[in-house]
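If you want the building blocks of each chain, they are given just below.
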Amino acid sequence: MVRIYTDEIINAVCLNYAERRGVQPGDIEVQLSWDEEYGYTAELWVSGRSQYLIESNLLESIEQYMHSHHNRRVFRSDIKLDIDEDAGEFFADIADQ
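What counts as what
- All residue numbers refer to position in the chain's written sequence, counted from 1.
- Given that the model is predicted, a residue must reach a pLDDT of at least 70 before its local features are reported, and side-chain atom pairs must reach 80 or more before they are shown or counted; all residues, however, enter totals for whole chains, interfaces and linings.
- Excluding hydrogens and water, the side-chain values take into account all heavy atoms of the structure.
- Method remark: on a 1 Å grid restricted to protein atoms, a set of points is classed as a cavity if a 1.4 Å probe fits but cannot get out and as a pocket if it is open with protein on both sides within 12 Å along at least five of seven lines; lining residues have an atom within 4 Å of a point.
- Grid points are joined across faces, edges and corners, and a volume is the space filled by probe spheres set on the points.
- Numbering of helices and strands runs from the N terminus, with a helix taken as a DSSP run of H or I at least four residues long and a strand as a DSSP run of E at least two residues long.
- Polar here means any residue outside two lists: the nonpolar Ala, Val, Leu, Ile, Met, Phe, Trp, Tyr, Cys and Pro, and the charged Asp, Glu, Lys and Arg; Gly therefore counts as polar.
- Residues enter a nonpolar core if they are buried and are Ala, Val, Leu, Ile, Met, Phe, Trp, Tyr or Cys, with the set joined through side-chain atoms within 4.5 Å.
- Burial classification: accessible surface area is computed with a 1.4 Å probe over protein chains only, and a residue below 20% of its type maximum counts as buried, one above 50% as exposed, and the rest as partly exposed.
- A contact between two residues is defined here by any heavy atoms of the two lying within 4.5 Å.
- Only Phe, Tyr and Trp rings take part, Trp by its six-membered ring, and two of them pair if their centres are within 6.5 Å. Stacked means planes under 30 degrees apart, edge-to-face means over 60, and tilted covers everything else.
- Pairing between strands requires that DSSP locate at least two bridges from one strand to the other.

1. What about empty space enclosed by the protein?
Logical step 1: On inspection of all chains with the given rule, the structure shows 1 cavity of 30 Å³ or more.
Logical step 2: In terms of lining, the largest cavity is formed by Ile9, Leu32, Ser33, Tyr40, Thr41, Leu58, Leu81 and Phe90.
Logical step 3: Elements with a minimum of two residues in the lining of the largest cavity: β2 (28–35) and β3 (39–46).
Logical step 4: Looking at side-chain class alone, the lining of the largest cavity contains 6 nonpolar, 2 polar and no charged residues.

So, in structure tokens, the structure goes:
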């Protein structure tokens, strides 16, 4: 199993959405969150506009990131998002194949 933490999850989202929007990853800001009603979400800011991402968007970004930066083909079903509330840290566990 591989575990990635908040910063790497945010990097995955920034890289994925920078490619989609034709901007630099540094032009994107991301804030991860979790709540009872919506689960894992993120708010993304690009060029002064915000967009909300749902869990499937986050999983897609992690899936693409793992393929492009770790040379690992993973599927959304292999990724489990979680949060360490004591540390205030998000993480994703990615199952070995």
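Structure's up, so let's keep going.
2. Some thoughts on the nonpolar core
Nonpolar side chains in soluble globular proteins tend to end up buried together.
Logical step 1: Counting residues in hydrophobic clusters, the biggest one holds 27 residues, and the most contacted among them are Val30 and Ile62.
Logical step 2: Looking at this core, the elements with two or more residues in it are α1 (6–21), β2, β3, α2 (55–70), β5 (79–84) and β6 (89–94).
Logical step 3: Among the elements that take part in this core, α1 stands out by supplying 7 residues, more than any other.
Logical step 4: Excluding anything up to four places from it in sequence, Ile62 contacts Ile4, Ile9, Ala12, Ile79, Leu81, Ala92 and Ile94.

3. Topic: the packing of aromatic side chains
Centre distance and the angle of the planes are the two values used to describe a pair of aromatic rings.
Logical step 1: Tallied over the entire structure, the rule returns 3 aromatic pairs.
Logical step 2: Note on Tyr5 and Phe91: the rings are 6.3 Å apart at their centroids and 55 degrees apart in plane angle, and the pair reads as tilted. Of this pair, Tyr5 sits in strand β1 (residues 2–5) while Phe91 sits in strand β6, and the two are 86 residues apart along the sequence.
Logical step 3: Where Tyr40 meets Phe90, the ring centres are 6.3 Å apart and the plane angle is 75 degrees; that geometry is what we call edge-to-face.

4. Quick look at the environment of Phe91
Logical step 1: Judged by relative accessible area, which is 9%, Phe91 ranks as buried.
Logical step 2: Sequence-wise, Phe91 and Glu8 are 83 residues apart; in three dimensions their C-alpha atoms are separated by 8.7 Å.
Logical step 3: Residues within four places of Phe91 in sequence aside, it is in contact with Arg3, Ile4, Tyr5, Ile9, Lys80, Leu81, Asp82, Ile83 and Asp84.

5. Topic: the pairing of β3
Logical step 1: Counting buried residues in β3 gives 7 out of 8 residues, a clear majority hidden from the surface.
Logical step 2: Strand direction decides the pairing type here: β2 and β3, joined by 8 bridges, are antiparallel. Considered in β3, the bridge of Trp34 is made with Tyr40.
Logical step 3: Hairpin remark: β2 followed by β3, antiparallel, with 3 residues in the connecting loop.
Logical step 4: Relative to strand β4 (residues 49–53), β3 runs antiparallel, the two being bridged by 5 bridges. Note on β4: the bridge partner recorded for Glu43 is Tyr52.
Logical step 5: Counting the residues that bridge the hairpin from β3 to β4 gives 2 residues, and of these Ser47 lies at a positive phi of roughly 50 degrees.

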